[in-house]
Amino acid sequence: MSRSLIDAMLNGGRCRCPKCGKGRLFGRFLKVEPTCAHCGEELHHQRADDAPPYMVMLIVGHVVVGLMLSFEIAYHPPMWLHAAIFLPMTVALSFILLQPVKGALIAIQWANEMHGFGIDGEEHHA
């Protein structure tokens, strides 16, 4: 059975089960549900580990630094204004993106049958 990477990532990015897209992926902020309440897919196999924070840092860093440099070139604001704008923006974007990024990374693992997400719990390689 073929697993669609794009569909799985969209479901994971919405914090839903990568298989059915209906069950919740997270029970708490970053705690993955052991199984999907809707379709019964086992999700405890996931090994997202440190990848989500690294991806979030990459994304947020590029967005915030780009905006900060543009703002500096256009307006030359004082440093306190930079801090007042960009520190909260960095924290907020990090918290907003962490769950969807982790969900998408778990979905990539599921779609590629990695870490026990394969058929009958076995990894299969094409």
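Anything mentioned here points back to the structure above.
The rules behind the values
Residues numbered from 1 in each chain as written. Predicted model: local features only at pLDDT ≥ 70, side-chain atom pairs only at ≥ 80, totals over all residues. Heavy atoms only, no water. Buried < 20%, exposed > 50% of the residue type's maximum accessible area, 1.4 Å probe, protein only. Helix = DSSP H or I, 4+ residues; strand = E, 2+ residues; numbered from the N terminus. Arc of directions from axis to C-beta. Contact = heavy atoms within 4.5 Å. Axes fitted to C-alpha atoms, helices over the stretch in contact; angles between N-to-C directions. Parallel < 35°, antiparallel > 145°, perpendicular 65-115°, else oblique. Left-handed = near helix turned anticlockwise from the far one by under 90°. Nonpolar A, V, L, I, M, F, W, Y, C, P; charged D, E, K, R; others polar.

Enquirer: So, helix α1 (residues 5-13): which residues are in play, and what are the values?
Expert: Taken as a whole, α1 has its buried residues at Ala8, Asn11 and Gly12. Each buried residue of α1 lies within a common arc of 100° when the element is viewed along its axis, so the set occupies one face. Opposite its buried face, α1 presents the exposed residues Ile6 and Leu10, each directed more than 90 degrees away. The inward-facing, buried residues of α1 abut α3 (79-111).

Enquirer: Give a detailed account of the packing of helix α2 (residues 51-75) against α3, specifying residues and quantitative values.
Expert: In contact at an axis separation of 8 Å, α2 and α3 are set at 150° when each is read in the N-to-C sense. With respect to each other, α2 and α3 are oriented roughly antiparallel. The interaxial crossing formed by α2 with α3 has right-handed handedness. Of the residues that constitute the contact of α2 with α3, the class distribution is 21 nonpolar, 3 polar and 2 charged.

Enquirer: Can you tell me about the environment of Val64, naming the residues and giving the values?
Expert: Position of Val64 relative to the elements: it lies in helix α2. Relative accessible area serves as the criterion here: at 6%, Val64 is assigned to the buried category. Along the chain, Val64 and Ile85 lie 21 residues apart, while their C-alpha atoms are 10.0 Å from each other. Val64 has contacts with Phe86, Met89, Thr90 and Leu93, leaving out every residue within four places of it along the chain.

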